[in-house]
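Take a look at the letters that make up each chain.
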Amino acid sequence: MCGIVGIVSNKPVADRIADALKRLEYRGYDSAGIATFHDGKMDRRRAPGKLTNLKECMSKEPLGGNIGIGHTRWATHGAPTKENAHPHMTNRVAVVHNGIIENFRELKVELAADGYVPVSETDTEMVALLVTREMDKGVAPFDAAASVIKRLDGAFALAMIFNGEENLIIGARQGAPLAVGHGDGEMILGSDAIALAPFTNKVTYLEEGDWVALTKSDMRVFDRQGSPVTRSISTANTGAELVSKGNHRHFMSKEIYEQPDTISHTLSHYVNFSEQRIQLPQALPFDFSKLTKLTIASCGGSYYAAMIAKYWFEKYARLPVEVDIASEFRYREPPMEEGGLALFVSQSGETADTLAALRYCASQGQHIASIVNVAESTIARESDIVFPTLCGPEICVASTKATTAQQTVLATLAIAAGKQRGVLSDQDEAELVDALAKLPGAISKALASEPKIASLNKALSKAKDVFYLGRGALYPVALEGALKFKEITYIHAEGYAAGELKHGPIALIDESVPVVVVAPSDALLEKTLSNMHEVAARGGKIILITDEKGAKQAGGDISEIILMPEAHPLVQPIIATVPVQLLAYHTAVFMGTDVDQPRNLAKSVTVE
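Notes on the structure follow. (Residues numbered from 1 in each chain as written. Predicted model: local features only at pLDDT ≥ 70, side-chain atom pairs only at ≥ 80, totals over all residues. Heavy atoms only, no water.)

1. Describing the side chain of Thr 132
Counted only if it meets this: Working definition: helices are DSSP H or I runs of at least four residues, strands are E runs of at least two. Numbering for both runs from the N terminus. What qualifies as a polar contact is a pair of N or O atoms within 3.5 Å, subject to a donor-acceptor requirement within protein and to the restriction that residues adjacent in sequence count only when both atoms come from side chains. We call two residues in contact when some of their heavy atoms are within 4.5 Å.
Here Thr 132 is to be found in helix H4 (residues 124-136). A distance of 2.6 Å separates the side chain of Thr 132 from the side chain of Thr 90, its partner in a polar contact. The contacts of Thr 132, once residues within four sequence positions are left out, are Thr 90, Asn 91, Arg 92, Val 93 and Tyr 116.

2. A look at the sheet that holds strand E6 (residues 93-101)
Using the following cut-off: Each pair of strands is called paired provided DSSP finds at least two bridges between the two strands.
Pairing is antiparallel in the open sheet, where 7 strands are placed in the order E5-E6-E7-E8-E12-E13-E14. The sheet is open, and its two borders are formed by strand E5 (88-89) and strand E14 (228-229), each paired with just one other strand. The pairing of E5 with E6 spans 2 bridges and is antiparallel. By the bridge assignment for E6, Met 89 is matched with Ala 94.

3. Section: the packing of aromatic side chains
In this description, an aromatic ring pair is defined by two values, namely the gap between the centres and the angle between the planes. The line we're drawing: Ring pairs shown here join Phe, Tyr and Trp side chains whose ring centres sit within 6.5 Å, with only the six-membered ring taken for Trp; geometry is labelled stacked below 30 degrees between planes, edge-to-face above 60, and tilted in between. Only protein chains enter the accessibility calculation, which uses a 1.4 Å probe; a residue is then buried when its area is under 20% of its type maximum, exposed when over 50%, and partly exposed in between. Here, a charge over a ring means that NZ of Lys or CZ of Arg falls within 6 Å of the ring centre while also lying within 35 degrees of the ring normal.
Scanning the entire structure with this criterion turns up 10 aromatic pairs. Ring plane angle 50 degrees and centroid distance 6.5 Å describe the contact between Tyr 270 and Phe 387, whose orientation is recorded as tilted. Placement of Tyr 270 in helix H8 (residues 259-270) and of Phe 387 in strand E22 (residues 385-388) is noted, with a sequence separation of 117 residues between them. Comparing Tyr 270 with Phe 387 shows no difference in burial state: the two are buried. On the basis of an interplanar angle of 75 degrees and a centroid distance of 5.5 Å, the ring pair of Phe 467 and Tyr 496 is categorised as edge-to-face. Residue Phe 467 is found in strand E23 (residues 465-470), and its partner Tyr 496 is found in strand E24 (residues 492-497); the two are separated by 29 residues along the sequence. Judged by relative accessible area, which is 21%, Tyr 496 ranks as partly exposed. Every member of this aromatic cluster is reached through a ring pair, and the members are Phe 142, Trp 211 and Phe 222. One cation-aromatic arrangement involves Arg 599 over Tyr 490; the distance from NZ or CZ to the ring centre is 3.9 Å.

See below:
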């Protein structure tokens, strides 16, 4: 979750940009930089490491100018070096960027053919070179930026300044947040309201697909088609920026929409996109190739994430996996081969049952690994190695972005295990990494189904029971969907393996029962559709979550279809998690329940 700040003003901006970037340090970063336009030319300062290094550089070589952009980078494409640090600059434009440009390799080849060759390893530089190529043809900066933004695939936020333009910043967002601050004689661009707080409490939150042109005195916003649009100005609560809902009604909505950005941030910690390989952040204290079994114990949604991981580890690494609910595992006292690996998944890192299971495994001579969102938690401290999810604070009790971050970390570990065990070739690894690179963009596309999902809230609110069905790695997504639904709507919901329906639960199906079927186009689609038609024959109301290919195969008997983007089977469960989150959210909102703090539940379960 890199940070972006841009200011166009009547007074110097460089030091103020640096101070604003300081407010974004919580997002994590490994280099920083600032570019300005002053005295007829652009200039920049960049430094690896912390902002103190950048400020030291600026104290020796100050940056003038009343317009500038700044960035804190968490490396995705290329090492955290000065050369790869943002802003990326040509003789025409300077660019900063959060997220991942999925099609950067194709763009790189195209640009090289025209003589535009990057000097860094980053995907961001392709944006600067594309704009430069347009401007070299005589295209004005505004029009050059507009044409380039349309060509970018993925989940990203951008900010640009131009040589010769002291009164224009261009910003764009697609799957990553970006907000505009309305100051006194100045306009500010930021990754979120936290960066804007020192300057103003008047904030415009850009919507998905928006791009914006800022001058000192005004803002022009355009949608993804390039049509002018109006976005409202709201008053931010600058006294509570870190827990602000932004322009969302609930924290749950905000955290659902943060997922393209949080997943990008998580991936950047575990994947070397330039070399298309998994690059874990630290050496492992165990050898995947010598393991005979992996044990995973967790609770709630973390348990369902672990269930998905079982399919991944067994398919891509041929490593047998035992997954258990931590509260049952600890009392089962299973025999464990010394030197094995036990993995524990917990958002808070304080879950009592998971911690007890960890301590049992430690007593049995297991290597202890954990996946947590709180690096200083008890589970993290008692682990031999910690794999952080890095998704930032999660306020809503019902977990969303932490769940998909857990799934993402588990996917990278499964690939790493497959490579170390000799199951995956370099080409296999590159294919799976490419699927992960496209994941933030796919999540962004899945979020576009929200209006359709919201339209189902009234019908779902009338149900007394809701069933969720899935097969393979989508079965745990069905369980997760049912958990979210019952947590915040207080309506009974159950998830089932689709093939188990006829072994009892189908007796409960009638015309009053909605059945959510999670079935993207994969090797198991036909079997899942057969189970779906069995439900429809008993009068069940089918809500099918699938992609376009799956929708074409589904045939009739379907009440509603929620479309997801087509994707590699590895990432389908992560993408499918988003619509089941939205189904629960919109039904709960319609019913008027306390979405962020549902009754009887706590964020961190520290008792048995």
